[in-house]
Amino acid sequence: MSELKKDPLVQELVDSYGDWFLEHPEDAKGMTGKLYPFKTMFSPININRTKIKNRIVMAPMGNLQMCEESGRPNEKMIQYFTERAKGGCGLLTTGLVPISHGIDPTVSEPGGLSYFPRIDKTRTNLVGWRDLASSVHAYDSKIFIQLTPGLGRVGAPLCLPNELKFPVSASFNKNFYIPAIPCIRLSDGKLNKIIKNGAQAALDAQCQGIDGVYLHGHEGYLLEQMTNPAFNRRKLGKYSDPYRFGVDLVKAIRENVGPHYPIMYRIDLSLALNETYENIENMDTLKKYTKGRTVNETLKFMEALVKAGVDCFDVDLGCYDNWWLPHPPAGMPAGCFKSVSQAAVDYFRSNNIKTNTGGDVVIVAVGKLGFPDLAEEVLKDNMADMVMLGRQLLADPYWPEK
Ligand SMILES: Cc1cc2nc3c(=O)[nH]c(=O)nc-3n(C[C@H](O)[C@H](O)[C@H](O)COP(=O)(O)O)c2cc1C
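One structure accompanies this document, and this report is about it. (Residues numbered from 1 in each chain as written. Predicted model: local features only at pLDDT ≥ 70, side-chain atom pairs only at ≥ 80, totals over all residues. Heavy atoms only, no water.)

So, on to unusual backbone geometry. Of note, the bond from Tyr36 into Pro37 is cis; its omega dihedral lies within 30 degrees of zero at 10 degrees. Relative to the elements of secondary structure, Pro37 occurs in the loop between helix H3 (25–29) and strand S1 (45–47). At Ala272, a position not held by glycine, the phi torsion is positive, near 60 degrees. Inspection of the secondary structure assignment puts Ala272 in the loop between strand S9 (263–268) and helix H10 (273–276). Of the residues examined, Ala272 reaches a relative accessible area of 1% and is grouped as buried. Look at Lys368: it is not a glycine, yet its phi comes out positive at around 50 degrees. Its location among the elements puts Lys368 in the loop between strand S11 (362–366) and helix H13 (372–380). Judged by relative accessible area, which is 19%, Lys368 ranks as buried. (Helix = DSSP H or I, 4+ residues; strand = E, 2+ residues; numbered from the N terminus. Buried < 20%, exposed > 50% of the residue type's maximum accessible area, 1.4 Å probe, protein only.)

This part is about the pattern of salt bridges. Opposite charge on two side chains permits pairing when their charged atoms draw close. Following the criterion strictly, the structure yields 16 salt bridges and no others. Between Glu83 and Lys86 there is a salt bridge, with the nearest N and O atoms lying 3.8 Å from each other. Highlighted residues: Glu83 and Lys86, both in helix H4 (residues 75–86), separated by 3 residues, approximately one helical turn. With a closest N to O distance of 2.7 Å, Asp120 and Arg118 form a salt bridge. (Salt bridge = Lys/Arg side-chain N within 4 Å of Asp/Glu carboxyl O.)

Now for the pairing of strand S5 (residues 142–148). Counting buried positions over the 7 residues of S5 gives 7, a clear majority of the element. The two faces of S5 match: Lys142, Phe144, Gln146 and Thr148 on one face and Ile143, Ile145 and Leu147 on the other face are all buried. For strand S4 (residues 91–98) and S5, the ladder comprises 6 bridges, and the chain directions are parallel. Pairing of Leu91 across the sheet is with Lys142, part of S5. Between the parallel pair S4 and S5, the chain is carried across by helix H5 (residues 123–137), and the sense of this crossover is right-handed. (Pairing = 2+ DSSP bridges. Right-handed = clockwise from strand over helix to strand, strands pointing away.)

Here we take up the state of the cysteines. For the structure on display, the rule yields 0 disulfides. For the unlinked cysteine Cys183, the closest cysteine sulfur is that of Cys159, found at 8.4 Å. (Disulfide = S-S within 2.5 Å.)

The next point concerns the packing of aromatic side chains. Evaluation of the coordinates by the stated rule reveals 15 aromatic pairs. Plain terms: the ring middles of Trp20 and Phe371 are 6.4 Å apart, the flat faces sit at 70 degrees to each other, and that makes the pair edge-to-face. Separated by 351 residues along the polypeptide, Trp20 in helix H2 (residues 20–23) and Phe371 in the loop between S11 and H13 bring together distant segments of the chain. The residues Trp20 and Phe371 share a single accessibility class, namely buried. (Phe/Tyr/Trp six-rings, centres within 6.5 Å; stacked < 30°, edge-to-face > 60°.)

Structure representation (structure tokens):
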């Protein structure tokens, strides 16, 4: 049996997580203001040609049910984001917005309805995005839309009883929730259509005043299923090159939106499966997924994505099959992925890799960063260019103001 690939950085991190909350009660309080007035955090930064007034990014968090059944963003969604704009967050990002209706059956509801917001189909839907953008612009925040090629193997398999459709994936992977249900391998034609939809969605977002697009390439969703050899084990066709789908999607978007519109990409540096499971090779549901990208391979892939047109990344670790990791619970330390963003910063800076418009690739850190001194330190020490907050901004939209 071949030796499992394990990354020393990932292994060290995973092994270090555990009892942070119990062992470091003082750190866990953490709302200290030693570095007040947090000069770096409140300095502006450019993503491509777009100026963001501070370094705080609101993490994407699914806007399920924040839309009409057609997919038009509703008043609740506008109020939710406007509140965070009022609270002072420089860059907001929406939760995932699928671009694969009619292709990935797990993203749609019976009858062609939607519980995800949509940026396709009708002009009414498009105008909802304009309302959202203009509302947050009133408070000088910017907003990016998170586009997702779909859920693939991690989508709820309700499509099978409801519509007699199997879920889909890059290869014949088992469905995450009910492994007895196989996912059908997507054809090149359907994947081309998703890319076309993505390019159109990006152009529509741009036309409606949304400030940038953000691709949902982490955590083992369909974009990662296509771009990670753990899940993409295709032998035939152009997408048997596991990086091709991601690169082609970015190129198609860039072609549609022109050189200066921000493109952000969310990626995990590693699925960390080999590092989190001791016996993965003998586990029925996971043994096929041991050949994921190593950290170095991911960095090379990110470089290819920059060449294709990406301006900015946020980086984490893990996927559905070790769900705790990308949604760090109490036992994981605050700033748990700061050395992960540091690895990305170091790679791009030491190799002098620039974006297509000649700027630095902006790297965003995520993972329990809602402690002001810690967030400032991560920025000051060049471990990242921006900090992304999820649950903190969910709990307190006014965290930046405070
Ligand atoms: C309620 C909730 C919904 C989420 N939805 C998404 C999503 O739509 N897209 C995505 O990429 N990540 C999603 N995430 C992950 C977050 O963006 C973020 O990476 C994670 O919560 C870690 O950041 P935090 O420690 O600041 O909360 C979600 C997280 C939460 C808590």
